[in-house]
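Residue-level listing of the chains:
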Amino acid sequence: MLPAFVLEDYVNSECLAVLVRSGFSRMACPTQFICKALRSVGLVLFYYVFSIGITFYNKWLMKDFHFPLFMTLVHLVIIFCFSTLTRFAMQCWIGKPRVTLPWKVYLSKVAPTALATALDIGLSNWSFLFITISLYTMTKSSAILFILFFSLLFKLEEPNPFLILVVLLIASGLFMFTLKSTQFNMEGFIMVLLASFIGGIRWTLTQVLMQKAELGLQNPIDTMYHLQPLMFMGLFPLFLLNEGLSVSTTEKLFRVSELSHLIYSLLTLSLGGILAFGLGFSEFLLVSRTSSLTLSIAGIFKEVCTLLLAVEFMGDKISTVNWLGFAVCLSGISLHIGLKTYYNKGNGPIIRQLPVRDNPDLELPLLQTKDDYCEDTNDEEEHEILY
């Protein structure tokens, strides 16, 4: 028989242990939630800086520098350099060599995706010579139609009757936005629409590329690293045909009269390359630490912010009918996101990646903490690879 004071101490210690296991952990939940919410907001804002920034940068640069394909080639070189440095940092952090594809696999598997990506980006940048930011933003939103089409064609998406409503809403919204646009330009509009069509092929091929586990390109940094050289080679002939002679004779670059003008041109082009890499990197951070749903929802608000900023600072004119069309288009995109989330929860997503903490290959030193105490260890959320 234990003495009373020993028994009392034992009971008190057990109660304290129960409190620590239950009550204290519940008290920590609000802290965990606030921590994760603040991190998500920070990553969304980080994504907005690069995504909105590069749109306005392209339009600003195209006012005086009328060589969009040359600009794109410079950006590809800068993205490749930053991807190489990031891969090296990840290799040092994880202590495991990064994937490097053999030439045969590289040319046969990666080349189609690289060519589609190069044409999508090149045509998008080219269109800024002709159209406003608002028309570009609205037309580029139609890319989801082509992504849906090619996803169904490649059987990456299960067909369902609601997709017809999604297509009708987005197409109707695009028609209403361009119906009475006072700043409409047919040449630029066709360029962006063609870029959106190629973008549908691009993202579908990217999804297939990242789905192939044997290639080891699940990490977007590795994908960016492998895509840039082939993108450069695919876009270079088009550049020579359209801008080669003009670039070689322009006073902004090769026939510059003052060194300061050359330095200014190189710095402005480098800024765009940094923004382009930051956009891909910020998307990766947002998806890997939250979810693709977060990126999709953030993308909707980003379009609204872009249009408001274009009206306020760039002088874009948008009528009531245009705004109504934009709202209809966003309704279609929102419906698509909602349906995709619903079907993924019911049937399981087609392509998934493990949470970052269970997949060291996706971890980055920037995001890694010693204990990662703000993570909920029972959180089983999984993220789609394609964003």
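Residues numbered from 1 in each chain as written. Predicted model: local features only at pLDDT ≥ 70, side-chain atom pairs only at ≥ 80, totals over all residues. Heavy atoms only, no water.

## A few points about the overall build of the protein
Looking only at helices and strands, the protein features 13 helices and zero strands. Listing every helix and strand of the protein by position from the N terminus yields α-α-α-α-α-α-α-α-α-α-α-α-α. Put simply, the protein has 387 residues, and 46% of those count as buried. Of the contacts made within the protein by residues no fewer than 6 positions apart, 84% connect residues no fewer than 24 positions apart. As presented, the protein carries roughly 20,300 Å² of accessible surface, and 69% of it is formed by carbon and sulfur atoms. (Helix = DSSP H or I, 4+ residues; strand = E, 2+ residues; numbered from the N terminus. Buried < 20%, exposed > 50% of the residue type's maximum accessible area, 1.4 Å probe, protein only. Contact = heavy atoms within 4.5 Å. Areas by Shrake-Rupley, 256 points an atom, 1.4 Å probe, with all protein chains shown as cover.)

## Some points on the side chain of S83
Relative to the elements of secondary structure, S83 occurs in helix α3 (residues 68–94). On the basis of relative accessibility, which here comes to 0%, the residue S83 falls in the buried class. Within polar-contact distance, the side chain of S83 engages the backbone oxygen of I79 at 2.8 Å. (Polar contact = N/O pair within 3.5 Å; in protein donor to acceptor, adjacent residues only side chain to side chain.)

## Here we look at the pattern of salt bridges
For the structure on display, the rule yields five salt bridges. We note a salt bridge from R87 to D222, for which the minimum N-O separation is 2.6 Å. With R87 in helix α3 and D222 in helix α9 (residues 220–242), the pair connects residues that are 135 residues apart, well separated along the chain. Taking relative accessible area as the criterion, D222 reaches 1% and is therefore assigned buried. Among the charged side chains, a salt-bridge network with shared partners connects R87, R98 and D222. (Salt bridge = Lys/Arg side-chain N within 4 Å of Asp/Glu carboxyl O.)

## Some words on a nonpolar patch on the surface
The grouping of F33, I34 and L38 at the surface amounts to a nonpolar patch, some 360 Å² of accessible area in total. You can see I34 is positioned in helix α2 (residues 23–62). (Patch = residues over 30% accessible without salt bridge, like charges linked within 9 Å, V, L, I, M, F, W, Y side chains within 5 Å.)

## Looking at α3
Because an α-helix completes one turn every 3.6 residues, residues spaced three or four positions apart along the sequence face the same direction. Spanning 27 residues, α3 covers 38 Å between terminal C-alpha atoms, matching the ideal 39 Å at 1.5 Å per step. Backbone geometry just downstream of α3 places G95 in the positive-phi region, at approximately 75°. (Expected span 1.5 Å × (residues − 1).)

## So, the nonpolar core
Core analysis: the biggest nonpolar cluster contains 79 residues, and L61, F65, F70, V110, I170, F177 and I333 have the highest contact counts within it. Beyond its immediate sequence surroundings of up to four residues, L61 is in contact with M71, T268 and L269. (Core = buried A, V, L, I, M, F, W, Y, C linked by side-chain atoms within 4.5 Å.)

## Describing the packing of helix α4 (residues 103–127) against α9
If you want to describe how two helices pack, look at the angle between their axes and the distance between the axes. The interhelical angle for the contact between α4 and α9, taken along N-to-C directions, is 50°, at an axis separation of 7 Å. Judged by the angle between their axes, α4 and α9 are oblique. Pair α4 / α9 crosses with right-handed handedness. For the pair α4 and α9, contact is made by Y106, L107, V110, A111, T113, A114, L115, T117, A118, L119, I121 and W126 and by H226, L227, P229, L230, M231, G234, L235, L238 and N242, respectively. (Axes fitted to C-alpha atoms, helices over the stretch in contact; angles between N-to-C directions. Parallel < 35°, antiparallel > 145°, perpendicular 65-115°, else oblique. Left-handed = near helix turned anticlockwise from the far one by under 90°.)

## Digging into α4
The terminal C-alpha atoms of α4, which comprises 25 residues, lie 34 Å apart, in line with the 36 Å expected from a rise of 1.5 Å per residue. The largest bend along α4 measures about 50° and falls at V110, with the proline P112 one to four residues further on. (Bend = angle between axes of the 7 residues up to and from the residue.)

## Here's the deal with the packing of aromatic side chains
Considering all chains together, one arrives at 15 aromatic pairs under this definition. Aromatic pair F65 and F70: ring centres 6.3 Å apart, planes at 40°, arrangement tilted. Ring centres of F82 and F277 lie 5.3 Å apart, and the angle between their planes is 25°; on these two criteria the pair is classed as stacked. Taken together, the residues F82 in helix α3 and F277 in helix α11 (residues 259–289) connect sequence positions 195 residues apart. (Phe/Tyr/Trp six-rings, centres within 6.5 Å; stacked < 30°, edge-to-face > 60°.)

## So, the environment of I190
Among the secondary structure elements, I190 is positioned in helix α8 (residues 186–211). The spatial distance from the C-alpha of I190 to the C-alpha of L123 is 9.7 Å, given a sequence separation of 67 residues.

## Structural notes on the confidence of the model for the protein
Looking at the protein as a whole, its pLDDT mean stands at 75, while 77% of the residues score no less than 70. Taken element by element, the protein is modelled with least confidence in helix α1 (residues 4–21), mean pLDDT 46, and with most confidence in α3, mean pLDDT 91. Predicted confidence is poor over residues 1–11, with pLDDT under 50, and the contacts of this stretch with residues over four places away or in other chains come to zero contacts. Low confidence marks residues 348–387, where pLDDT is under 50. Its contacts with residues over four positions away, or in another chain, come to 84 contacts. (pLDDT = per-residue confidence, 0-100.)

## Here's the deal with the packing of α3 against α4
At a minimum axis distance of 8 Å, the contact between α3 and α4 shows a crossing angle of 135°. Between α3 and α4, the angle falls in the class oblique. For the pair α3 and α4, the sense of crossing is right-handed. Residues P68, L69, M71 and T72 of α3 form the contact with α4, whose participating residues are I121, G122, N125 and W126. Within the contact of α3 with α4, the residues separate by chemical class into five nonpolar, three polar and no charged. (Nonpolar A, V, L, I, M, F, W, Y, C, P; charged D, E, K, R; others polar.)

## A closer look at the side chain of T113
Of note, T113 is situated in helix α4. For T113, the contacting residues outside a window of four places in its chain are R202, L205, T206, L209 and L227.

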